[in-house]
4 protein chains.
Amino acid sequence: MSLKVGVIGTGMIGTDHIRRLTQVLSGVEVVAVSDIDAARAKAAAPAGAEVFDRATDLIHAAAVQAVVICSWGPAHEEQLLACIAAGKPVFCEKPLVTSEAGALRVMAAEVGFGRRLVQLGFMRRFDADYRRLKAVIDGGSLGAPLLYHSVHRNASVPEGLYTSDMPLNDTLVHDADIARWLLGDEIIGVEVRVPRRSSVGKDLRDPVVVLLHTASGALVDVEISVNIGYGYDIRGEVSCERGVAALPNRPATVISDQHGIRQAIPADWRERFIEAYDQEFREWIVAAGRGTATGPSSWDGYASTLAADAALRAAKSGLLEPVTMITKPPLYA
Amino acid sequence: MSLKVGVIGTGMIGTDHIRRLTQVLSGVEVVAVSDIDAARAKAAAPAGAEVFDRATDLIHAAAVQAVVICSWGPAHEEQLLACIAAGKPVFCEKPLVTSEAGALRVMAAEVGFGRRLVQLGFMRRFDADYRRLKAVIDGGSLGAPLLYHSVHRNASVPEGLYTSDMPLNDTLVHDADIARWLLGDEIIGVEVRVPRRSSVGKDLRDPVVVLLHTASGALVDVEISVNIGYGYDIRGEVSCERGVAALPNRPATVISDQHGIRQAIPADWRERFIEAYDQEFREWIVAAGRGTATGPSSWDGYASTLAADAALRAAKSGLLEPVTMITKPPLYA
Amino acid sequence: MSLKVGVIGTGMIGTDHIRRLTQVLSGVEVVAVSDIDAARAKAAAPAGAEVFDRATDLIHAAAVQAVVICSWGPAHEEQLLACIAAGKPVFCEKPLVTSEAGALRVMAAEVGFGRRLVQLGFMRRFDADYRRLKAVIDGGSLGAPLLYHSVHRNASVPEGLYTSDMPLNDTLVHDADIARWLLGDEIIGVEVRVPRRSSVGKDLRDPVVVLLHTASGALVDVEISVNIGYGYDIRGEVSCERGVAALPNRPATVISDQHGIRQAIPADWRERFIEAYDQEFREWIVAAGRGTATGPSSWDGYASTLAADAALRAAKSGLLEPVTMITKPPLYA
Amino acid sequence: MSLKVGVIGTGMIGTDHIRRLTQVLSGVEVVAVSDIDAARAKAAAPAGAEVFDRATDLIHAAAVQAVVICSWGPAHEEQLLACIAAGKPVFCEKPLVTSEAGALRVMAAEVGFGRRLVQLGFMRRFDADYRRLKAVIDGGSLGAPLLYHSVHRNASVPEGLYTSDMPLNDTLVHDADIARWLLGDEIIGVEVRVPRRSSVGKDLRDPVVVLLHTASGALVDVEISVNIGYGYDIRGEVSCERGVAALPNRPATVISDQHGIRQAIPADWRERFIEAYDQEFREWIVAAGRGTATGPSSWDGYASTLAADAALRAAKSGLLEPVTMITKPPLYA
């Protein structure tokens, strides 16, 4: 029996997920689609899928067993609460919500329901390279992790559309989440340091260096460079007590030619994480089929929201901005 | 609509393909299973699948739209011919058949049918590393390929069961096929050189070096080491007129510890090619759904059979053993 | 004509430099040796070299054309001033001196003399890997350098002898100096962040992360781990506006065995920088033969002293500690 | 006391060695120079060196303690015999001589003298990468070496001047010698295989694949490509019973830019082996100072001459051409 899914939001990422759910993955069927732009929803809907004008109608439709939210961030809270009220598993693209209060409301609803229903779209956790890295650290042969150096380089960002806050509230969340996950730790403070700006994308605060302080005392330093030109280059290295573990080069063909001995670098996040996106949904389908959720949770969304908020404050204050979280509900243990 | 598949042979590889077809891939359903060991077939059959005592009954069953052959080699010819007679697309694990005459009969039947129906299980062609390598060569920026160095190392082979002919008639076929495919070329002669034997697996002719001469004049040299202990290590490097392209290291975590800076090597072919197997079937499902086949063909099975036969002769004679093929039927162009 | 050299200090490093000057390098001769331990001096002296009880006598000896100072830090200032007063070129192991005031006095003397006489022992600047890295950055094809990530890992430090201040006033100076040199920049502020301590070497503040702020606005982050066990691992990566340049792996044999595909890591600084030490003296001999000095200068010693002092303050204060330098004398331009 | 050296032949390589002996290395002095072109000799002679019209006069000059032969190959035999007759240590650029008979005469003279006097210019044996590779193999942890894959790629060769025999009698000798040295083995047979020719350098037999059969049964396969354009790329990989050891990438800066993540490849043999040349002479100076020679010997020159001769025969015959050596004189054990 296939899982019957409704997709809310048919922009770029929603359309890509519809393709994934209908053409790539097994055990799943897209039976409903909704978008604020009805024509776009119609165009994106696979054959046989019902098109809804309103997201809440899609959520409540009897044929819909589970929901994929790809709408814009400010719409997430209402849609997540509706899914939880309806007891329907939901995959939600990041951000979970756009405020700390909203995250608390979503968690309260989910805790009230008594079972996890929300999987958040932190796809890096499903990437094979990151999973192997975590397995090495968790294996313990290198001792406790003490430092994590995370590098997040984008080839380019759209001038004008991508603002100086976005490295901190949009890009950083991936590094913050993967750091929490790799280290099995929580972020308790954030510092931001801003070097000389790159002459590419002149008005942009780029690059930035972020220091994340964790509860266990591990320190995470993050380089974010969003206009570096040469590609989408994601690096991570964990310094432990007795050794170091790092993400490998991507497995591109080793070419020897006039440019040296070389391997291509992914052009963008689509190329880099295409398999992670597939795997993210494979696991969601299994959990949703059982009426629940695994993987990145509302708690993780809450944590990353707090980290991003603290980063924005830290960029202004120049200080170590504390991150204060509520006690973790046992549901997210 | 899912493709309804019958699987013949439920040994290790057949069982694994059933898992793949039922749990990993979309658009496909295993509706029938058969094995010479009826109990084994029953144990392997997914819920709802019919179990057949005889492979031919499975092939002719109305519910079966396409067939997967995982029986032992000597049974392939009859089963392939039955599939072709029934006009049903068929995925056949290697070897295609066990004799040149058999390969000719299979091709004659398929040509008579007028459309490709057979996809042979050369999974390396679906491996992302090999595909990128081929794309670089085909891109032409390095000029024509002149030499291909192929390395095929097994951690170990079962003593007693794996004989001295097997590096040449079982292991070599992968290198021979991938060489033909990478270079877009045919093998016209084979030489074998046997160095001092490894003291591991004493009675075994191991390692061997094979030289494959191609129609275009490119030269392929293959190292086959089957008891090298440290892992399953597959390498390939193409020397072209103006540069070189090679398979990369596998993307394992880069660990720095008392053993140096290092990356793990796959333990065996399952680990190395797990994604290639999935992809192989993804593409088969699409083609079979259209009533035909793509990828490695009966012609490729014929070519690899001839290469292996020539290698066995060459190991005895010490000479360059020619490979003479029939004119290629347009069906396989 | 060989340069006639007197060596002050015949401890481990002094003895090694005597070996280097007598057995490895050309155009140089060790004609005099001095140590506070006369017996040790005698033992270390090459055949024909005169042994002096007092360093100043060695410096003033007519046969001595140039001096190598390998005494302990607190003795450097007096010896350097004596060399400068005598107009003799001098190679001085780090530290230049042990106080800012002392550095100013040395520079004042050298400026007064009117020609550079002092080369300081920052051997990394003579390492081929660092020189190639600098050439890439200076080449300009990657745009301006914005971030430099420097990693300084020691296999182990002697318990008890190596104190918590030493990562900052002894180890960090190498990273500080090489950062200044690579970026062509000055350090204007230092921050120190101390994560959870490694359980190896329990009482030690290890690891530490240091942020160096430069005059141009580039940001340098330094990881110092001094008990990491697996080896002496020195890394450096410069993020520029349009690309990244990094030190390569050391050229160790690539071994594939049960530990994976791997390369050995140097055991200690002697192994890592042995060629840099040779090169450092090759260039010193040439310059000293001309009565002057090139390479790392008194100014560089002054700068690194200030950086280390600021790091010690920053570790206590948790703040960004400014580094304020005098105007650079034209002699050091 | 410096070794007083006379240099015969002041072409490109002779001039470079004079630079090396006068400016780079210690313990040596060039006191005499000779060339068939007296003007060229005069121009190349360092200050104070005597210029000889005839090589034999230089060899017999009282001031000359040791000789460096950089004349053309056909002149080597007479000059070597004169050096041996005079009992003077001699460094001889390859080839030792140009015929098997000549090699036998040189060895007979040296054996008659009773002590090694000749060091042959196989600089690869002094390269740090090769030395580490040999140390790994000799260490024995990987078991016996069974296969050696040697890759010899030149960016380009001068059209017209470089003929089709030269990959086999000029280029191959380096691979043959290093194979013998790495494996501690002798070559007993040679095969040559010629694939399709590269369209670069049209009239040239390029690339070629050479198989060297050794006395122990190890097999060496050599790729020689002399017009590959992208650089001077020397590779070597030894497959042993329980693992593999290979030369590393050269330690060039790791650049990430629009061409990918990459390292430069040496442009030519000067860049690749510059340090090996220095080291080769360092060790020669020490041995010559003791009145003898170490490193590659007349025997090695004899062996490489035989291998090249067999390769030329094999290219014509297509057969395995045997290499038959005299019993090894104890002098060369």
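Every chain is numbered independently, its residues counted from 1 as its sequence is written. By the order in which they are written, chains take letters starting at A while ligands take numbers starting at 1. Per-residue local features are limited, in this predicted model, to residues with pLDDT of at least 70; the limit for side-chain atom pairs, both in listing and counting, is 80 or more; totals at the level of whole chains, interfaces and linings are taken over all residues.

Q: Sorry, what's going on with the interface of chain A and chain C here?
A: Often, the extent of an interface is quoted as the loss of accessible area on bringing the components together. We call two residues in contact if the C-beta atoms placed from their backbones are at most 7 Å apart. The interface is formed by 26 residues belonging to chain A together with 27 residues belonging to chain C. Each helix is a run of DSSP H or I of at least 4 residues and each strand a run of E of at least 2, with the numbering of both proceeding from the N terminus. Among the elements of the structure, β7 (145–153), β9 (208–214) and β10 (219–225) of chain A are those that each provide at least two residues to the side of chain A that touches chain C. A total of four residues in the side of chain A that touches chain C trace back to one element, the largest contributor, which is β10 of chain A. Three residue categories are used. Nonpolar comprises Ala, Val, Leu, Ile, Met, Phe, Trp, Tyr, Cys and Pro, charged comprises Asp, Glu, Lys and Arg, and polar comprises the others, including Gly. For the side of chain A that touches chain C, a count of residues per class yields 11 nonpolar, nine polar and six charged.

Q: Before we go on, may I ask you to explain the relation of the copies chain A and chain C in this structure?
A: The copies are overlaid by a least-squares fit using only the C-alpha atoms of residues whose pLDDT is at least 70 in both copies. Superposing chain A onto chain C takes a rotation of 180° combined with a translation of 0.0 Å along the rotation axis, leaving an RMSD of 0.0 Å. Look at the turn and shift together and you get a two-fold axis relating the two. Among all residues of chain A, the one whose C-alpha sits closest to the rotation axis is aspartate 221 of chain A, at a distance of 4.3 Å.

Q: Explain the relation of the copies chain B and chain D here, please?
A: Applying a rotation about an axis and a shift along it to one chain copy brings it onto the other copy. Mapping chain B onto chain D is achieved by rotating through 180° and translating by 0.0 Å along the same axis, at an RMSD of 0.0 Å. Counting the interface residues of chain B, we find that 96% of their copies in chain D are interface residues as well, pointing to one common contact surface.

Q: In this structure, what is going on with the sheet that holds strand β2 (residues 28–34) of chain D? I would like to understand it.
A: Sheets are built from strands paired through backbone hydrogen bonds, the pairs being either parallel or antiparallel. All names here are of chain D. The sheet built from six strands is open, its strands ordered β3-β2-β1-β4-β5-β6 with parallel pairing. Lying at the two open borders of the sheet, with one neighbouring strand each, are β3 (50–52) and β6 (118–120). Going across the sheet, the axis of each strand differs from the next one's by a mean of 25°, ignoring polarity. Should DSSP find at least two bridges between two strands, the strands are regarded as paired. In the sheet, strand β1 (residues 3–8) pairs with strand β4 (residues 66–69) via four bridges, with the strands oriented parallel. Looking at β4, one finds that isoleucine 8 is bridged to isoleucine 69. Note on method: axes are straight lines fitted to C-alpha atoms, helices fitted across the in-contact stretch only, with angles between N-to-C directions ranging 0 to 180 degrees.

Q: Any chance you could explain the sheet that holds strand β6 (residues 118–120) of chain C here in plain terms?
A: Residues and elements named next belong to chain C. Taken together, the six strands give an open sheet; going across it, the order is β3-β2-β1-β4-β5-β6, and neighbouring strands pair in parallel fashion. Of all strands in the sheet, those bounded by a partner on one side alone are β3 (50–52) and β6. Pairs of neighbouring strands in the sheet enclose a mean axial angle of 25°, with direction left out of account. Note that strand β2 (residues 28–34) and β3 share three bridges and pair parallel.

Q: Would you take a moment to explain the domain arrangement of chain A for this structure?
A: Residue and element names in this part refer to chain A. A domain assignment, automatic or from a database, supplies the domain bounds used here. Once the domains are mapped, chain A shows domain 1 (3–120) and domain 2 (125–272 + 304–328). Measuring from the centre of the C-alpha atoms in domain 1 to the corresponding centre in domain 2 gives 28 Å. With five residues of domain 1 in contact, the opposing surface of domain 2 contributes four residues. Residues belonging to the side of domain 1 that touches domain 2 are distributed by class as follows: three nonpolar, no polar and two charged.

Q: Teacher, can you tell me more about unusual backbone geometry here?
A: Negative phi is the rule for most residues except glycine; trans is the rule for most peptide bonds. Residue and element names in this part refer to chain B. With an omega dihedral of 0°, the bond running from lysine 94 to proline 95 counts as a cis peptide bond. Following the sequence through the fold, proline 95 ends up in the loop between β5 (90–92) and α5 (100–113). Here the amide bond leading from aspartate 206 into proline 207 is cis, since omega sits at 0°, within 30 degrees of zero. Along the polypeptide, proline 207 turns up in the loop between β8 (187–193) and β9 (208–214).

Q: When you look at helix α5 (residues 100–113) of chain D in this model, what are you seeing that I'm missing?
A: In an α-helix, one full turn covers 3.6 residues, which means residues spaced three or four apart are oriented alike. Residues and elements named next belong to chain D. With 14 residues, α5 extends 20 Å between its outermost C-alpha atoms, agreeing within 8% with the 20 Å of an ideal straight helix rising 1.5 Å per residue. Residues Gly102, Ala103, Val106, Met107 and Glu110 constitute the buried set of α5. Along the axis of α5, the buried positions cluster into a sector of 135°, meaning they face one direction only. Residues of α5 that are exposed and angled more than 90 degrees away from the buried face: Ala101 and Gly112. Of the surrounding secondary structure, the elements contacted by the buried residues of α5 are α4 (76–86), β6 and α9 (298–317). Here, expected helix span is obtained from the residue count minus one, scaled by 1.5 Å. Neighbour density around each residue's C-beta defines its exposure: 20 or more other C-beta atoms within 10 Å make it buried, 12 or fewer make it exposed, and counts between make it partly exposed, where C-beta atoms are placed from the backbone. When we speak of the arc, we mean the arc of directions from the helix axis to the C-beta atoms.

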